[in-house]
Amino acid sequence: MQTGSIHKVKTDLNGSMLIMNRREFVQSSAAAVAAVKSVSLASAEERSSLPVVISSRNGIRATEKAMEILKQGGDTLDAVIEGVNIVELDPDDRSVGYGGIPNEEGTVQLDASVMHGPTRGAGAVSCLEGIKTPSKVAKLVMERTDHVLLTGAGALKFALSMGFKYENLLTDSSRETWLKWKKDLNSQDNWINPQDRIPTALISRAGQDIRDAVEMHGTINCNAVNEKGEISGVTTTSGLPFKIPGRVGDSPIIGAGLYVDNEVGACGSTGRGEANLKTCASFMAVEFMKQGLSPEEAAIRVMKRIIENTTEPYLLDSKGKIKFNLNFYALNKKGEYAGVCLYKGGSYAIHNGRENRIEESAYLLEKTD
Ligand code: ASP
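Please read these numbers as outputs of a predicted model, since none were measured by experiment. Residue indices begin from 1 for each chain and proceed along its sequence in written order. Owing to the predicted nature of the model, reporting of local features is limited to residues with pLDDT of at least 70; listing and counting of side-chain atom pairs is limited to 80 or more, with chain, interface and lining totals taken over all residues. Excluding hydrogens and water, the side-chain values take into account all heavy atoms of the structure.

**Focus on the overall build of the protein chain**
- Elements are defined by DSSP. Helices are runs of H or I of four residues or more, strands are runs of E of two residues or more, and each kind is numbered from the N terminus. If you tally the helices and strands in the protein chain, you get 11 helices and 15 strands.
- Burial classification: accessible surface area is computed with a 1.4 Å probe over protein chains only, and a residue below 20% of its type maximum counts as buried, one above 50% as exposed, and the rest as partly exposed. Looking at the protein chain residue by residue over its 369 residues, the buried ones come to 58%.
- The contact criterion used throughout is that any non-hydrogen atoms of two residues lie within 4.5 Å. Considering only intrachain contacts with a sequence separation of at least 6, the fraction spanning at least 24 residues in the protein chain is 64%.
- All accessibility values rest on the Shrake-Rupley procedure with a 1.4 Å probe; residue burial counts only the protein chains present in the view. For the protein chain, the accessible surface area stands at approximately 15,300 Å², while carbon and sulfur atoms represent 51% of it.

Rendered as structure tokens:
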């Protein structure tokens with residue numbers, strides 16, 4: 001069977017393998033989406049009321065907190081930032097902030113972005129070291145400078161000048177994971193396929209290759225719309241585990257890891273940042289909503305673009321299936337919302353003003369083998 005960018009394999013209803021070209025594959029993926037849709041317990045009315053807070057699954061405490069703040073009349077951006085701060089400060093969450101998995105030199109480097117719909121403000125930091133809550137620093141970039149993105153040493157200097165405390169972000173458990181990874185490095189390693197650089201111990205624990213890729217990612221995106229229809233969002237992450245120092249993913253890039261248009265809606269992402277960076281996915285999703293698509297339709301359309309744009313052989317397995325995962329979390333001004341992921345199995349946290357819960361995401365692809 002041909003490996004590479006132009007053939008995809010899918011299983012038909014009888015379990016036979018169908019070989020399709022890229023166009024057919026993308027089209028059939030669209031059909032699959034139409035067939036599966038999102039598995040939601042919510043009624044249509046519940047899915048379009050205000051206020052709403054949506055987040056990646058690991059942000060279930062963030063949606064709870066953010067809703068509490070919205071109900072007290074708090075600002076939408078303050079709400080989502082206070083929400084994600086809970087997870088940034090939690091040493092046991094290894095995807096963001098304190099306790100995040102470090103880069104290849106054992107240093108935790110954090111990225112974050114914020115957008116405040118009512119004032120059209122945006123701020124971000126990347127490669128920030130030693131500060132547990134990069135989302136708060138991103139907000140200060142927005143409020144106290146006329147820049148949008150500060151990076152590395154400059155971002156740290158700025159944070160210190162704003163009164164943040166420099167702390168060691170590497171916990172014992174993240175350090176242990178990094179040491180195991182480092183022990184496994186060998187002369188065959190490269191910087192092309194991140195999966196090849198994941199330690200064997202972690203691979204065997206995670207099981208399937210797709211799950212490995214998913215599990216080696218982690219980020220929180222959290223977006224909120226209040227009763228007045230004001231919208232804000234935040235995305236925060238420790239980025240790709242064991243990344244090359246200085247690597248920046250999608251999370252701090254306005255339009256990629258996060259985009260808010262106060263007249264329309266918001267979208268943010270988690271998963272393989274490089275795929276998102278090449279597509280400006282969150283911006284595109286919000287633009288599709290502006291053209292009248294629902295959050296789910298918009299995010300699905302963007303995901304199809306991601307599939308079309310993924311042609312690198314090292315991102316496709318021997319059967320031509322995409323090896324990574326990507327997730328979008330979107331809402332609009334009416335309070336309609338959706339989680340959409342590339343591969344089946346994703347879920348997200350949603351607070352609809354009455355209940356805080358996890359819902360399954362819509363998806364485009366299924367792992368069939
Ligand atoms: N999107 C993040 C990045 O690429 C990582 C993730 O969500 O897993 O940095």
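**Examining the packing of aromatic side chains**
- Within 6.5 Å between ring centres, the rings of Phe, Tyr and Trp (the latter by its six-membered ring) count as paired, and their orientation is classed by plane angle as stacked under 30 degrees, edge-to-face over 60, tilted in between. A complete count under the given rule lists two aromatic pairs for this structure.
- Both rings, one in tyrosine 259 and one in phenylalanine 283, keep their centres 4.9 Å apart while their planes meet at 80°; by these two values the pair is edge-to-face. On the criterion of sequence distance, the pair formed by tyrosine 259 in strand E9 (residues 258–261) and phenylalanine 283 in helix H10 (residues 281–290) is long-range, its members being 24 residues apart.
- Here the aromatic rings of tyrosine 337 and tyrosine 348 are separated by 6.2 Å at their centres, their planes lie at 70°, and the arrangement is edge-to-face. On the criterion of sequence distance, the pair formed by tyrosine 337 in strand E12 (residues 337–343) and tyrosine 348 in strand E13 (residues 347–351) is long-range, its members being 11 residues apart. Across the pair, exposure class does not vary: tyrosine 337 and tyrosine 348 are buried alike.
- Only lysine NZ and arginine CZ atoms are considered, and such an atom sits over a ring when it is within 6 Å of the ring centre and within 35 degrees of the ring normal. The cationic tip of lysine 132 hangs over the ring face of tyrosine 98; the distance from NZ or CZ to the ring centre is 4.2 Å.
- Seen from the ring of phenylalanine 288, arginine 301 lies directly overhead, with NZ or CZ sitting 5.1 Å from the centre.

**Re the packing of helix H4 (residues 134–144) against helix H5 (residues 152–161)**
- Look at H4 against H5: their axes get within 10 Å of each other, and the N-to-C directions meet at 85°. On the basis of their axis angle, the class for H4 and H5 is roughly perpendicular. Contact with H4, carried on its side by Val137, Leu140 and Val141, involves Ala155, Phe158 and Ala159 of H5 and no other residues of that element.
- Polar here means any residue outside two lists: the nonpolar Ala, Val, Leu, Ile, Met, Phe, Trp, Tyr, Cys and Pro, and the charged Asp, Glu, Lys and Arg; Gly therefore counts as polar. Across the contact of H4 with H5, the residue classes break down as six nonpolar, no polar and no charged. Here the axes come from fitting lines to C-alpha atoms, over the contacting stretch only for helices, and the angles between their N-to-C directions go from 0 to 180 degrees. For classification, angles of less than 35 degrees are called roughly parallel, those exceeding 145 degrees roughly antiparallel, those between 65 and 115 degrees roughly perpendicular, and all remaining angles oblique.

**Remarks on the side chain of asparagine 332**
- Mapping asparagine 332 onto the fold places it in strand E11 (residues 326–332).
- With a relative accessible area of 8%, asparagine 332 lands in the buried category.
- Under this definition, polar contacts are N or O atom pairs within 3.5 Å; protein pairs additionally need one hydrogen-donor-capable and one acceptor-capable atom, and for neighbouring residues in sequence, both atoms have to be side-chain atoms. Looking at asparagine 332, its side chain comes within polar contact range of the side chain of glutamate 336, at 2.6 Å.
- Residues in contact with asparagine 332, not counting those within four places in the same chain, are Val225, Val264, Gly265, Met289 and Pro295.

**So, the environment of alanine 349**
- Tracing the backbone shows alanine 349 in strand E13.
- By relative accessible area, which is 0% here, alanine 349 ends up buried.
- In sequence terms alanine 349 and serine 361 are 12 residues apart; their C-alpha atoms lie 9.9 Å from each other.
- Aside from chain neighbours lying at most four places away, what touches alanine 349 is Val53, Ile54, Ser55, Ser56, Arg57, Gly59, Ile60, Thr63, Arg357 and Ile358.

**Here's the deal with the packing of helix H2 (residues 60–71) against helix H3 (residues 76–88)**
- The N-to-C vectors of H2 and H3 enclose an angle of 150°; their axes lie 7 Å apart at closest approach. Our pair here, H2 against H3, has a crossing hand that is right-handed. The residues of H3 that touch H2, namely those facing Arg61, Ala62, Lys65, Ala66, Ile69 and Leu70, are Thr76, Asp78, Ala79, Val80, Glu82, Gly83, Val84, Ile86 and Val87.
- Looking at side-chain class alone, the contact of H2 with H3 contains nine nonpolar, two polar and four charged residues. Less than a right angle of anticlockwise turn of the near helix away from the far helix marks a crossing as left-handed, whereas a clockwise turn marks it as right-handed.

**Some points on the pairing of strand E5 (residues 121–128)**
- Counted residue by residue, E5 has eight buried out of eight residues, so it is predominantly covered.
- Strand direction decides the pairing type here: strand E4 (residues 110–116) and E5, joined by six bridges, are antiparallel. Each bridged residue has a counterpart across the sheet, and for alanine 112 the counterpart in E5 is valine 125.
- Here, any two strands with at least 2 DSSP bridges between them count as paired. Here E4 hands over to E5 after four residues, with arginine 120 in that stretch at a positive phi of 55°.
- Looking at chain direction, E5 and strand E6 (residues 149–151) are connected through three bridges and run parallel. Counted as the bridge partner of alanine 124 is leucine 149 from E6.

**Some details on the sheet that holds strand E7 (residues 219–225)**
- Overall, mixed pairing links the eight strands, which are arranged E6-E5-E4-E8-E7-E3-E13-E14 in an open sheet. Each edge of the open sheet is held by one strand with a lone partner, namely E6 and strand E14 (356–360). Taken over all neighbouring pairs, the strand axes of this sheet differ in orientation by 15° on average, direction set aside.
- For E4 and strand E8 (residues 231–237), the ladder comprises six bridges, and the chain directions are antiparallel. When the bridges of E8 are listed, methionine 115 appears paired with glycine 233.
- Strands in contact with H4 are E4, E5, E6 and E8; relative to E5, the strand with the most contacts, it is inclined by about 130°.

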